[in-house]
Amino acid sequence: MTRRAPVLFALVAVGVLFAYPFWWLLSASLKDRSHVFDNALLPSPVNPQNYTEVWRAVPLLAWVGNSVAVGVAAAVAATVSSAVVAFGFARFRFRGRTVLFGLVLATMMLPAAVTMVPVYLEWHAVGLATTQVPLWAGNLFGSAFYVFLLRQFFLGLPAEVFDAARVDGAGPWRQFTSIALPLARPGLIVVFVFELKAAWTDLIRPLIYLREPELYTLPRGLKAVLDRFGQGGEAQWELVMAASVVATVPMILLFLVAQRYFVRGVVTQRVEE
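Quick caveat, the model's predicted, so the values are computed rather than measured.

## Focus on the domain arrangement of the protein
Then step 1. Taken as a whole, the protein is organised into domain 1 (1-47) and domain 2 (54-268).
Then step 2. Contacts between domain 1 and domain 2 engage 10 residues on the former and 12 residues on the latter.
Then step 3. Approximately 890 Å² of surface area, both sides summed, lies buried where domain 1 meets domain 2, with 76% of it carried by carbon and sulfur atoms.
Then step 4. One can count one salt bridge joining domain 1 with domain 2.
Then step 5. For glutamate 238, the salt bridge goes to arginine 33, with nearest N and O atoms at 3.5 Å.

## Some thoughts on the packing of helix H3 (residues 60-91) against helix H9 (residues 185-201)
Then step 1. Close contact between H3 and H9 brings their axes to 8 Å; oriented N to C, the two are set at 140°. Comparing their axes, H9 and H3 come out oblique. You can see that H3 and H9 cross each other, and the crossing is right-handed. Facing H3, whose interface residues are Ser67, Val68, Gly71, Val72, Ala74, Ala75, Val76, Ala78, Thr79 and Ala83, H9 presents Leu188, Val191, Phe192, Glu195, Leu196, Ala199 and Trp200.
Then step 2. Looking at side-chain class alone, the contact of H3 with H9 contains 13 nonpolar, three polar and one charged residues.

## A look at the pattern of salt bridges
Then step 1. On inspection of all chains with the given rule, the structure shows five salt bridges.
Then step 2. For the salt bridge of aspartate 38 with lysine 31, the shortest nitrogen-to-oxygen distance reads 2.6 Å.
Then step 3. Taking relative accessible area as the criterion, aspartate 38 reaches 39% and is therefore assigned partly exposed.

## Describing the packing of aromatic side chains
Then step 1. Counted according to the given criterion, the structure contains 13 aromatic pairs.
Then step 2. Where phenylalanine 154 meets phenylalanine 176, the ring centres are 6.4 Å apart and the plane angle is 70°; that geometry is what we call edge-to-face. Linking phenylalanine 154 in helix H6 (residues 144-155) with phenylalanine 176 in helix H8 (residues 172-183), this pair joins segments that are 22 residues apart in sequence. For the pair phenylalanine 154 and phenylalanine 176, one class covers both residues: buried.
Then step 3. A network of ring pairs unites the aromatic residues Phe87, Phe92, Phe154, Phe162, Trp173 and Phe176 as a single cluster.
Then step 4. Stacked on the ring of phenylalanine 101, the Lys or Arg arginine 151 has its end atom at 4.3 Å from the ring centre.
Then step 5. If you follow arginine 220 out to its NZ or CZ, it ends over the ring of tyrosine 216, 4.3 Å from the centre.

Criteria and thresholds
Residues numbered from 1 in each chain as written. Predicted model: local features only at pLDDT ≥ 70, side-chain atom pairs only at ≥ 80, totals over all residues. Heavy atoms only, no water. Domains from an automatic or database assignment. Contact = heavy atoms within 4.5 Å. Buried area = accessible area lost by both parts, 1.4 Å probe. Salt bridge = Lys/Arg side-chain N within 4 Å of Asp/Glu carboxyl O. Axes fitted to C-alpha atoms, helices over the stretch in contact; angles between N-to-C directions. Helix = DSSP H or I, 4+ residues; strand = E, 2+ residues; numbered from the N terminus. Parallel < 35°, antiparallel > 145°, perpendicular 65-115°, else oblique. Left-handed = near helix turned anticlockwise from the far one by under 90°. Nonpolar A, V, L, I, M, F, W, Y, C, P; charged D, E, K, R; others polar. Buried < 20%, exposed > 50% of the residue type's maximum accessible area, 1.4 Å probe, protein only. Phe/Tyr/Trp six-rings, centres within 6.5 Å; stacked < 30°, edge-to-face > 60°. Lys NZ or Arg CZ within 6 Å of the ring centre and 35° of its normal.

Here's what the structure looks like:
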């Protein structure tokens, strides 16, 4: 126990360091306007009505629903499409496979800002530039990072299982759906959670595409809350903090639910190596 004490102390210290910003945010959201930035970790007095006020002032429930819909759609699209591509690179042998996979990975070095305008023009050309579709539909073409991640999982699966399935008459699609996907479930969940988090916290694309408040996702809605309550000498920062807590808590709960899959995915990768 004495040997582990420094490690445990370091873990607790790092945990407190990372938890402090959220605790400060939660505390600030329960303070009155004059005490928001007093840096006290416990609000006094406690003003839970800040949440009621911001809930009445802006359509937070609609924004939460939009973020859930967009996030789930983006995560499902990225997970499924990337898994299909990754399985092809992992299990099929064809001329130019290595070069093609290298080109896929090379797209990760292309900054998103470079394609921002051309992609917008494409969505505008098909009449979808002011809808939520551009926030998730691009994931139908997969992600280079997720393709690389899932390919590593598929390469680690026993080849004998796929050979036996092929002898039994299972085609590539049956092998993919009945063997590869169930065995790579930790990797798929990691990809799903990564993309859900990315879509949930994305602000740039909602700023570009969303015009109507009823279509806003939570990050775009928080920007509207900041513009409305965080400007001028009478800024209502307590309402901004309350809205920020509403946007933050779901991702914390998601991590708590999915953390065991992160650990399992790391263990799987280390065993394969």
